[in-house]
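Chain and residue survey
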Amino acid sequence: MLALIFLVTTVIAIYIKVLLLRVWMQWARCDFYNPFSQFVVKITQPIVKPVRRIIPSIGPLDTASLLIAYIVSVLLGPVMLNLYVADPLFLYLGLVILVKAAGMLVFWVIIVRSLMSWVSQGRNPVDYVLIQLTEPLMAPVRRIIPAMGGIDFSAMAVILILYMLNFLGLEYIPGWAQF
């Protein structure tokens, strides 16, 4: 039973991150015709398309995908805690799960972009999307901490900021450590 719960929570957590990636890609105005962007849209489209008819986007924010990610996060809480009882507390825990998943997504996108910068040097479609996603986060840091000796420390600074926010969440947000 534990293996099944692990499998279900892992698949749900990955899908939440893909939905958040779709929201982030629309917000950052990534190239829609990029093959990686098309993959993210196609894997989320069956669920997002019916909801989008009811809830339109607000400017660059894909509210339908964000709402679905929140609903799935609310449903993930009872599965992770092995509870089968409806409780209003799961609405709050769903928000905690969603915010923490967004932080993890930003962390892994920056890590993958940093690793791909050593290998592909911008010729890969995935690398192009990762640059479009992370540049709004890394450019302000790059203005403060310039590249030294040809090494860009902006990724490390953004990751340190994410770690700081995670520790603040551990200290001040109830339920942060459980998810």
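Cut-offs applied
The numbers attached to residues start from 1 for each chain and follow its sequence in the written order. A pLDDT threshold of at least 70 governs which residues receive local features in this predicted model, and a stricter bar of 80 or more applies before side-chain atom pairs are shown or counted, although totals over entire chains, interfaces and linings include all residues. The side-chain numbers reported here are obtained from all heavy atoms of the structure, hydrogens and water having been left aside. UniProt positions are given in the numbering used here, feature names are shortened, and annotations may be inferred rather than shown by experiment. Side-chain atoms within 4.5 Å link the members of a nonpolar core, which is a set of buried Ala, Val, Leu, Ile, Met, Phe, Trp, Tyr and Cys residues. Categorising residues by exposure relies on relative accessible area from a 1.4 Å probe, with only protein chains included: less than 20% of the type maximum marks a residue as buried, more than 50% marks it as exposed, and the intermediate range marks it as partly exposed. The helix count covers DSSP runs of H or I at least four residues long, the strand count covers runs of E at least two residues long, and both are numbered beginning at the N terminus. The contact rule is simple, with two residues in contact once any of their heavy atoms fall within 4.5 Å. Note on scores: pLDDT gives the predictor's confidence for each residue, bounded by 0 and 100. Each residue after the first adds 1.5 Å to the expected span of a helix. Note on bend: at a given residue it equals the angle between the axes fitted to the 7 residues ending there and to the 7 starting there. Pairing of N or O atoms within 3.5 Å defines a polar contact, subject to two protein rules: one partner must be a possible hydrogen donor and the other a possible acceptor, and residues neighboring in sequence count only if both atoms are side-chain atoms. Only C-alpha atoms enter the line fits that serve as axes; for helices the fit covers just the stretch in contact. Angles between N-to-C directions range over 0 to 180 degrees. Note on angle classes: values under 35 degrees are labelled roughly parallel, values over 145 roughly antiparallel, values of 65 to 115 roughly perpendicular, and the remainder oblique. Here the term charged refers only to Asp, Glu, Lys and Arg, the term nonpolar to Ala, Val, Leu, Ile, Met, Phe, Trp, Tyr, Cys and Pro, and the term polar to all other amino acids, Gly among them.

The chain is annotated in an unreviewed UniProt entry as YggT family protein of Erwinia sorbitola. Entered under Sequence similarities (unreviewed entry) in the UniProt record, the comment concerning the chain runs "Belongs to the YggT family."

With 37 residues, the main nonpolar core has Ile-16, Leu-20, Leu-21, Trp-24, Met-25 and Leu-133 as its most contacted residues. At the level of secondary structure, the elements contributing two or more residues to this core comprise α1 (2-27), α2 (35-54), α3 (63-80), α4 (89-119), α5 (125-144) and α6 (154-172). No other element matches α4, which puts nine residues into this core. Other than its neighbours up to four places away in sequence, Ile-16 contacts Ala-69, Val-72, Ser-73, Leu-76, Leu-98 and Ala-101.

Any residue range with low pLDDT should be treated as having predicted coordinates unsuitable for detailed reading. Within the chain, residue pLDDT values average 89, and 97% of them lie at 70 or more. Predicted confidence in the chain is weakest over α3, with a mean pLDDT of 89, and strongest over α2, with 94.

A rise of 1.5 Å per residue sets the reference length of α5, with its 20 residues, at 28 Å; its end C-alpha atoms lie 29 Å apart and thus fit the reference within 8%. The sharpest bend along α5 reaches about 55° and sits at Glu-135, with the proline Pro-136 one to four residues further on. Residues of α5 that are buried: Asp-127, Val-129, Leu-130, Gln-132, Leu-133, Thr-134, Met-138 and Val-141. Looking at the buried residues of α5, the elements they touch are α1, α2, α4 and α6. The N-cap residue of α5 is Asn-124: its side-chain oxygen and the backbone nitrogen of Val-126 are 3.3 Å apart.

It is worth spelling out α6 at this point. With 19 residues, α6 should reach 27 Å at 1.5 Å per residue; the first-to-last C-alpha distance of 27 Å fits that figure. Those residues of α6 lying buried are Ser-154, Ala-155, Ala-157, Val-158, Ile-159, Leu-162 and Gly-169.

This part takes up the UniProt feature "transmembrane region" (unreviewed entry) in the chain. Per the UniProt annotation, the sites labelled "transmembrane region" (unreviewed entry) are residues 6-25, 63-84, 90-111 and 144-165. Taken end to end, residues 90-111 is 100% helix and 0% strand, and its first and last C-alpha atoms sit 31 Å apart.

The next point concerns unusual backbone geometry. Positive phi is not limited to glycine here, since Arg-29 has a value of about 55°. In this structure, Arg-29 sits in the loop between α1 and α2.

With that settled, the discussion passes to the packing of α1 against α5. For any two helices packed against each other, the geometry comes down to the angle between their axes and how far apart the axes lie. Taken N-terminus to C-terminus, the directions of α1 and α5 make an angle of 75°; their axes are 10 Å apart at the nearest point. It follows that α1 is roughly perpendicular to α5 by the angle criterion. On α5, the residues touching Leu-21, Trp-24 and Met-25 of α1 are Val-129, Leu-133 and Leu-137. Classifying every residue of the contact of α1 with α5 gives six nonpolar, no polar and no charged.

Turning our attention to the side chain of Asp-62. Of note, Asp-62 is situated in the loop between α2 and α3. Here Arg-22 takes part through its side chain, which lies 3.3 Å from a polar atom of the side chain of Asp-62. Look past the residues within four positions of Asp-62 in its chain and what remains in contact with it is Arg-22, Val-23, Gln-26, Arg-52 and Ser-57.

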